[in-house]
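What follows is each chain in one-letter form.
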Amino acid sequence: MERLSIKGGMPLNGEIKISGAKNAALPILAATILAEEPVTVSNVPHLRDVTTTFELLGSMGIRFTFNENNSIEIDASDITNCSAPYELVRTMRASILVLGPLLARYGQAQVSLPGGCAIGARPVDLHIRAMQALGAKVVIEEGYIKASTPKGGLKGGKVFFDIVSVTGTENILMAAVLAKGQSIIKNAACEPEVSDLANFLNKMGAKISGIGTDTLIVDGVTSLSGCEYNILPDRIEAGTFLAAVAMTGGHVRLKQMRPNILSGCISKLCSAGADIITGEDWIEITMQQRPRAVNVSTAPYPGFPTDMQAQMMALNIIAEGTGTISENVFENRFMHVQEMKRMGAKIELHGNTAICHGVERLTGAPVMATDLRASASLVLAGLVAEGETLVDRIYHIDRGYECIEEKFASLGARIHRLGD
Ligand code: UD1
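The structure contained in this document is the topic of the report that follows. Keep in mind it's a predicted model, so treat the numbers as computed, not measured.

## A word on the sheet that holds strand S6 (residues 83-84)
Here four strands make up an open sheet; going across it, the order is S6-S7-S9-S8 and the pairing mixed. Strands at the two margins of the open sheet, each flanked by one partner only, are S6 and strand S8 (137-141). Examined bridge by bridge, S8 and strand S9 (residues 144-148) share five bridges and lie antiparallel to one another. Across the sheet, residue Lys 137 finds its bridge partner in S9, namely Ser 148. Relative to strand S7 (residues 108-112), helix H4 (residues 99-106) is tilted by about 160°, and along the sheet it contacts S7 and S9.

See the structure below:
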């Protein structure tokens, strides 16, 4: 199994380009199922979850042409089957995103239930209830969600989410665009990736208003056409690099990034002592001191992203003072705590809150990546630890970070990948 070897202690300096957002690419690729003509999507990040999505869509008969500059032409005019098998869904929960578009365009879908996951139960009940609100019939059989529409297809309806769900909102949005009549989605997720999907759907001819708010109004259309679309930058990748610089010190410029979608994170890093300046599509961070501990409480957008929680904990464990981290979105997202403790971190866990007492130095150790963002936080800890840190099971990191070791190495970090 591949591992990352990191020898800490180097400041980070230079510039890197931020990749396209994983969490926008996955729903946008799923949404191409809706189009009757080929669609060209660019700025698609080269990630394991994206490859899994290609495998999933490919197994349905969708064809791809890979062009230069991470641009891909996708032709979904001829789908041969409407199912997402267990082998693919179990490696990527986001496979559930094909449910809405398959139902909307073909009137049927069979999607394996995703099962448990390292960061909590993560059920899909909200997705199912939302589909039912538009008239879908759903049964769970043999580990599969088997859904179909009545004659005449889905009908516009009112959908209210008890809990804000990002992929739940995306799934119902993709279903509603081809439903008859109007749908109103309340307590919708406002994440920029949801807006990116909505903008993409509108570019294909959908009629969605309220984009960026918690109420989305969708007037169903009869078909969607081809278009060209550029995926928005990955705010979590950008946040991870900013947190890294705030820990190691140095001066780094992030290119091709929209700072306005990362405000919560930028303001926390400024409280930690970083100097951050931004332009329309770039961010520059300078850090010249040991970071100060900060308090973080995760919440749906525009709150502090749960996907940056582990990285902020990495910052707090070496910061001056004590900082608390409260995780409010997922119930079991502190798997990195035990691994950080093996590197010398002082963390007390009280329910969904971690109290981090900053230490002056961490020591390198073999550690185990348990999920995507936890793995990133261990890389960050490794960048400041004395000696060598070996991060195992990095397939988690490859799910969501494009060329992470190459990007860090180009900024001066001593990091490389070790083979089997
Ligand atoms: C998405 C992101 C993930 C991010 C998360 C929260 C993608 C591909 N993934 O995941 O990176 O960490 O948003 O910002 O975009 N819930 C239910 N029932 C459901 C669905 C969700 O109870 O049917 C609960 C979850 O257990 C969780 C909360 O709702 O406690 C929010 O989860 P949700 O927003 O759905 O996460 P994902 O869309 O899976």
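Following the structure, the description resumes.
## Some points on the site of the ligand
Taken together, the neighbourhood of the ligand is formed by 19 residues, with Asp 125, Ser 165, Thr 167, Asp 307 and Val 329 sitting nearest. Within the side chain of Thr 167, one N or O atom sits 2.6 Å away from an oxygen atom of the ligand. Relative to its unbound accessible area of 740 Å², the ligand is 88% covered by the protein chains. Here the shell around the ligand gets three residues from one element, more than from any other, and that element is helix H5 (residues 125-133). Of the residues in the shell around the ligand, the class split is nine nonpolar, five polar and five charged.

## Here's the deal with the pattern of salt bridges
Under the counting rule described, the total for this entry stands at 17 salt bridges. Residue Glu 15 pairs with Lys 255 through a salt bridge whose shortest N-O separation is 3.2 Å. Note that Glu 15 is positioned in strand S2 (residues 12-17) and Lys 255 in strand S15 (residues 250-255), a separation of 240 residues in sequence. Given a relative accessible area of 32%, Lys 255 falls into the partly exposed group. We note a salt bridge from Glu 142 to Lys 146, for which the minimum N-O separation is 2.9 Å. Within this structure, Glu 2, Asp 398, Glu 405 and Arg 417 form a network of salt bridges that share partners.

## Points about the nonpolar core
Formed by 149 residues in total, the largest nonpolar core has its most connected members in Val 98, Leu 173, Phe 200, Leu 201, Met 313 and Phe 408. For this core, the leading source of residues is helix H8 (residues 235-248), giving nine residues.

## Some points on the sheet that holds strand S14 (residues 228-230)
Strand order in this open sheet of four strands is S4-S5-S3-S14, and the pairing throughout is mixed. Edge positions in the sheet fall to strand S4 (63-66) and S14, since each of these pairs with one other strand and no more. On average, adjacent strands in this sheet sit at an angle of 20° to one another, irrespective of strand direction. Both strand S3 (residues 39-42) and S14 contribute to a ladder of three bridges, which runs parallel. Each bridged residue has a counterpart across the sheet, and for Val 41 the counterpart in S14 is Tyr 229.

## Focus on the packing of aromatic side chains
Tallying each qualifying case throughout the model produces five aromatic pairs. Ring centres of Phe 54 and Phe 66 lie 5.2 Å apart, and the angle between their planes is 90°; on these two criteria the pair is classed as edge-to-face. In this pair, Phe 54 is assigned in helix H2 (residues 48-59) and Phe 66 in strand S4, connecting sequence segments twelve residues apart. On the basis of relative accessibility, which here comes to 13%, the residue Phe 54 falls in the buried class. Look at Phe 66 and you get exposed, because its relative accessible area is 53%. One aromatic cluster is present, formed by Phe 54, Phe 64 and Phe 66 through successive ring pairs. Here Arg 253 stacks its cationic end above the ring of Trp 282, 4.4 Å away from the centre of that ring.

What counts and what doesn't
Residues numbered from 1 in each chain as written. Predicted model: local features only at pLDDT ≥ 70, side-chain atom pairs only at ≥ 80, totals over all residues. Heavy atoms only, no water. Pairing = 2+ DSSP bridges. Helix = DSSP H or I, 4+ residues; strand = E, 2+ residues; numbered from the N terminus. Contact = heavy atoms within 4.5 Å. Axes fitted to C-alpha atoms, helices over the stretch in contact; angles between N-to-C directions. Near = heavy atom within 4 Å. Polar contact = N/O pair within 3.5 Å; in protein donor to acceptor, adjacent residues only side chain to side chain. Areas by Shrake-Rupley, 256 points an atom, 1.4 Å probe, with all protein chains shown as cover. Nonpolar A, V, L, I, M, F, W, Y, C, P; charged D, E, K, R; others polar. Salt bridge = Lys/Arg side-chain N within 4 Å of Asp/Glu carboxyl O. Buried < 20%, exposed > 50% of the residue type's maximum accessible area, 1.4 Å probe, protein only. Core = buried A, V, L, I, M, F, W, Y, C linked by side-chain atoms within 4.5 Å. Phe/Tyr/Trp six-rings, centres within 6.5 Å; stacked < 30°, edge-to-face > 60°. Lys NZ or Arg CZ within 6 Å of the ring centre and 35° of its normal.

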